[in-house]
Amino acid sequence: MATEDQISLFNLPTSSSAPPPPDFDPEQIPTAARVPIPAGTYETMEQMQAHCNRCFRCALGQSRTNAVVSRGSMQAPIMIVGEGPGQNEDEQGKPFVGKSGQLLDKILASVNLSAEQDVFICNVVKCRPPENRTPTTDEAEACKGYLMEQIRLVNPKIILLTGATALKGLLGIKQGITKVRGQWIEQDDRLYMPIFHPAYLLRNQSRERGQPKWLMWQDIQAVKTRLEEIRGA
């Protein structure tokens with residue numbers, strides 16, 4: 001891989017959270033993006049779900065059917081972060097339940113990983129963008145506090161970033177996913193890996209060497225190997 005394609009591990013944003021002011025009212029969180037979401041706001045995912053169900057921190061809340069917070073295990077060693085809900089997810093209130101989700105579950109099962117036991121799945125934004133468009137920077141920022149709380153609550157060892165929106169939203173890396181997928185990034189005592197979004201694999205069906213599906217197979221095997229190393233440590 002060419003040097004310019006490597007992820008620069010310098011100047012990555014670090015996670016930090018200032019304590020809330022003494023008069024902070026967490027019930028104001030769903031009302032506007034200007035209200036912070038301090039670390040430690042939520043004790044359970046159900047508490048977060050209640051806020052997300054009535055959240056208007058950005059305009060996406062005006063058109064949602066359901067807020068889409070998560071699925072999977074709260075004790076999962078692996079977290080998968082996608083972009084945002086699609087129509088199926090908006091209707092069912094769970095992430096990755098359409099064709100992309102079905103493919104994702106098959107990819108996980110191919111290396112004996114269970115979406116119910118080994119993986120926690122969520123998105124950068126919790127409400128569906130109209131026509132499944134890419135979330136804007138403001139929408140991602142408005143929702144980021146929820147995502148950071150999910151990471152804190154689950155405390156995964158490995159976070160897989162499916163697509164450029166998740167890569168930029170969590171690590172601030174703006175390079176295209178095809179340039180950096182499969183690379184390990186260590187930060188805040190966690191391991192991150194950018195991978196292709198399953199929707200991209202659905203549009204690129206070839207299994208030939210070097211094609212996206214073949215590359216994804218290499219990446220998911222690397223993830224399973226690293227997880228086994230962590231569990232055996």
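Everything below is about the structure printed above this text.
Everything quoted here is computed from the prediction, not taken from an experiment. (Residues numbered from 1 in each chain as written. Predicted model: local features only at pLDDT ≥ 70, side-chain atom pairs only at ≥ 80, totals over all residues. Heavy atoms only, no water.)

As a further point, take the pairing of strand 4 (residues 158-162). Counting buried residues in strand 4 gives 5 out of 5 residues, a clear majority hidden from the surface. Judged by which residues are buried, strand 4 turns out to be covered on both faces: Ile158, Leu160 and Thr162 on one side and Ile159 and Leu161 on the other are all buried. Here strand 2 (residues 78-82) pairs with strand 4 via 4 bridges, running parallel. Within strand 4, the residue paired with Met79 across the bridge is Ile159. Of the strand pairs in this sheet, strand 4 and strand 6 (residues 190-195) are connected by 5 bridges, and their pairing is parallel. Considered in strand 6, the bridge of Ile159 is made with Tyr192. (Buried < 20%, exposed > 50% of the residue type's maximum accessible area, 1.4 Å probe, protein only. Helix = DSSP H or I, 4+ residues; strand = E, 2+ residues; numbered from the N terminus. Pairing = 2+ DSSP bridges.)

When you tally the buried positions in strand 6, you get 6 out of 6 residues, the bulk of the element. Alternating positions in strand 6 separate into two faces, Arg190, Tyr192 and Pro194 on one and Leu191, Met193 and Ile195 on the other, with burial throughout. Linking strand 5 (residues 185-187) to strand 6, which pair antiparallel, is a turn of 2 residues; within it Asp188 sits at a positive phi near 55 degrees.

All right, on to the pattern of salt bridges then. Under the criterion given, the structure shown has 8 salt bridges. For Arg54, the salt bridge identified is with Glu27, shortest N-O distance 2.4 Å. Here Arg54 is found in the loop between helix 1 (45-53) and strand 1 (71-72), whereas its partner Glu27 is found in the segment before helix 1, with 27 residues between them in sequence. Among the salt bridges present, the one from Glu228 reaches Lys224, with a minimum N-O distance of 3.7 Å. (Salt bridge = Lys/Arg side-chain N within 4 Å of Asp/Glu carboxyl O.)

So, on to the packing of helix 1 against helix 4 (residues 137-154). Between helix 1 and helix 4, whose axes approach to 11 Å, the crossing angle comes to 170 degrees. The pairing of helix 1 with helix 4 is recorded here as roughly antiparallel in orientation. For the pair helix 1 and helix 4, contact is made by Met45, Met48, His51 and Cys52 and by Tyr146, Glu149, Gln150, Leu153 and Val154, respectively. Class assignment of the residues belonging to the contact of helix 1 with helix 4 gives a composition of 6 nonpolar, 2 polar and 1 charged. (Axes fitted to C-alpha atoms, helices over the stretch in contact; angles between N-to-C directions. Parallel < 35°, antiparallel > 145°, perpendicular 65-115°, else oblique. Contact = heavy atoms within 4.5 Å. Nonpolar A, V, L, I, M, F, W, Y, C, P; charged D, E, K, R; others polar.)

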